[in-house]
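This is what each chain is made of:
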Amino acid sequence: MKIDLHTHSTASDGRLAPAELVHRSAAAGVELLALTDHDGVDGLDEARQSAKDIGIRLINGIELSVTWHKRTIHIVGLHFDPNSAPLQAGIESLQDFRRSRAIEIAAKLDSAGITGAYEGAQAFSGGNMLGRMHFANFLIAAGYAKNVRSVFKKYLVNNKPGYVSGDWATLNEAVSWITQAGGVAVIAHPARYKLTRTKLRKLIKDFMAAGGQAIEVVSGSYCINEMNTMACHAVDFDLYASCGSDFHDPDFPWIKLGQLPDLPDKCKPVWDLF
Ligand code: AMP
Ligand code: MN
Ligand code: MN
Ligand code: MN
């Protein structure tokens, strides 16, 4: 069965509307799908309707931004009640931070001589919550960089003109918002944080102490070695294993919907919990 439990739509920084994402996933053979937009659940109603119409199973999802030991870590939530009050309040606080951060990013770019970034980014977000990807799209369209990778490197990461630091949710908060909503918390793409083995194990321990149950063993951005390493951590810690492409955009050819290797046999699939 093809499963993809990490995808983005226009409700955050993805390029496809939720319904379009569901259609393309079904066309790619995905049978179990989660829409996991950054810090929001606004795309879920449209995705659910579309999944019902075409007969694919949709799991409620979200990808929460967390600051842990001064690093940004992403925690995916799966199979929760989107109307849960603590989750809704948590989302509101993250979106408040996104709003003020977007204003600051635009102001910093302005100081660097790049005008109109706020309106430019908004044109790409279609009025939805602003993320760095929308600024990236604006900067590329305005000729400041050739592609997403280079625009992040030149403008949107630490020590670059359009980077704004700040605190997202704590790990405990994010995990508890998900579990209080009846969901399963998953460490998103753990190989991408470039943590030492010791630090990654510390993250897993803190995450489990907060009530987290799973890690992404299979991700669209992993090489095979990273997948095998994460499978070992999942077994060592008796965590459930998830798999998700982190699909954003059909024009990013390196990440396709639902085109993922199977979970290694030794892993416990997170979907056993749904
Ligand atoms: P934000 O949550 O608004 O800070 O933006 C983070 C998002 O930007 C990630 O989810 C990715 O979609 C994208 N992103 C971050 N870093 C990079 C990068 N180096 N190259 C391409 N996309 C990136
Ligand atoms: Mn993103
Ligand atoms: Mn992420
Ligand atoms: Mn993601």
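Residues numbered from 1 in each chain as written. Chains lettered and ligands numbered in written order. Predicted model: local features only at pLDDT ≥ 70, side-chain atom pairs only at ≥ 80, totals over all residues. Heavy atoms only, no water.

**Details of the coordination of the manganese ion (ligand 4)**
Next, step 1: Coordination sphere of the manganese ion (ligand 4), protein contribution only: His6 (NE2), His8 (NE2), Glu63 (OE) and Asp246 (OD), at 2.1 to 2.2 Å.
Next, step 2: Sequence spacing of the donors to the manganese ion (ligand 4): H-x1-H-x54-E-x182-D.
Next, step 3: Taken as an interatomic distance, the gap from the manganese ion (ligand 4) to the manganese ion (ligand 2) is 4.8 Å. Of this pair, histidine 8 sits in the loop between strand S1 (2-4) and helix H1 (18-27) while aspartate 246 is found in the loop between strand S7 (240-244) and strand S8 (268-269), placing the two residues 238 residues apart along the sequence. Comparing histidine 8 with aspartate 246 shows no difference in burial state: the two are buried. (Donors = N, O, S within 2.8 Å, 3.2 Å for Na, K, Ca; no water. Helix = DSSP H or I, 4+ residues; strand = E, 2+ residues; numbered from the N terminus. Buried < 20%, exposed > 50% of the residue type's maximum accessible area, 1.4 Å probe, protein only.)

**With respect to the nonpolar core**
Next, step 1: Ranked by size, the top nonpolar core spans 73 residues in total, and within it Leu5, Ile75, Leu78 and Val217 carry the most contacts.
Next, step 2: Sort the elements by how many residues they give to this core and strand S3 (residues 57-68) lands first, with six residues.
Next, step 3: Discounting residues that sit within four places of it in the chain, isoleucine 75 has contacts with Ile62, Glu63, Leu64, Val66, Leu171, Val175, Ile178, Ala185, Val186, Ile187, Ala188 and Phe207. (Core = buried A, V, L, I, M, F, W, Y, C linked by side-chain atoms within 4.5 Å. Contact = heavy atoms within 4.5 Å.)

**Quick look at the pairing of strand S5 (residues 184-187)**
Next, step 1: Going residue by residue along S5, you find Val184 and Val186 tucked away on one face and Ala185 and Ile187 tucked away on the opposite face as well.
Next, step 2: Of the pairings in the sheet, the one linking strand S4 (residues 71-78) to S5 comprises four bridges and is antiparallel in character. Paired with valine 76 across the bridge in S5 is valine 186.
Next, step 3: Relative to strand S6 (residues 214-219), S5 runs parallel, the two being bridged by two bridges. Along S6, the bridge assignment pairs valine 186 with alanine 214.
Next, step 4: Chirality of the crossover, the property in question, places the unit of S5, helix H8 (residues 197-209) and S6 among those that are right-handed. (Pairing = 2+ DSSP bridges. Right-handed = clockwise from strand over helix to strand, strands pointing away.)

**Focus on the sheet that holds strand S2 (residues 30-35)**
Next, step 1: The sheet built from eight strands is open, its strands ordered S1-S2-S3-S4-S5-S6-S7-S8 with mixed pairing. Because the sheet does not close on itself, it has two edges, and the strands there are S1 and S8.

**Section: the coordination of the manganese ion (ligand 2)**
Next, step 1: Protein-derived ligands of the manganese ion (ligand 2) are Asp13 (OD), Asp13 (OD), His38 (NE2) and His248 (NE2), with the metal-ligand distances lying across 2.2 to 2.7 Å.
Next, step 2: Coordination at the manganese ion (ligand 2) is irregular, judged from the six donor atoms that bind it and the angles of 52 to 157° they form at the metal.
Next, step 3: All donors of the manganese ion (ligand 2) belong to a single chain; written as a sequence motif, their spacing is D-x24-H-x209-H. (Tetrahedral: all angles 85-135°; square planar, octahedral: opposite > 155°, others 65-115°.)

**A word on H1**
Next, step 1: By the burial criterion, the buried members of H1 are Pro18, Leu21, Val22 and Ser25. Taken end-on, H1 shows its buried residues confined to a sector of 100°, consistent with a single buried face.
Next, step 2: With its phi angle positive at about 90°, glycine 29 sits one or two positions after the end of H1. (Arc of directions from axis to C-beta.)

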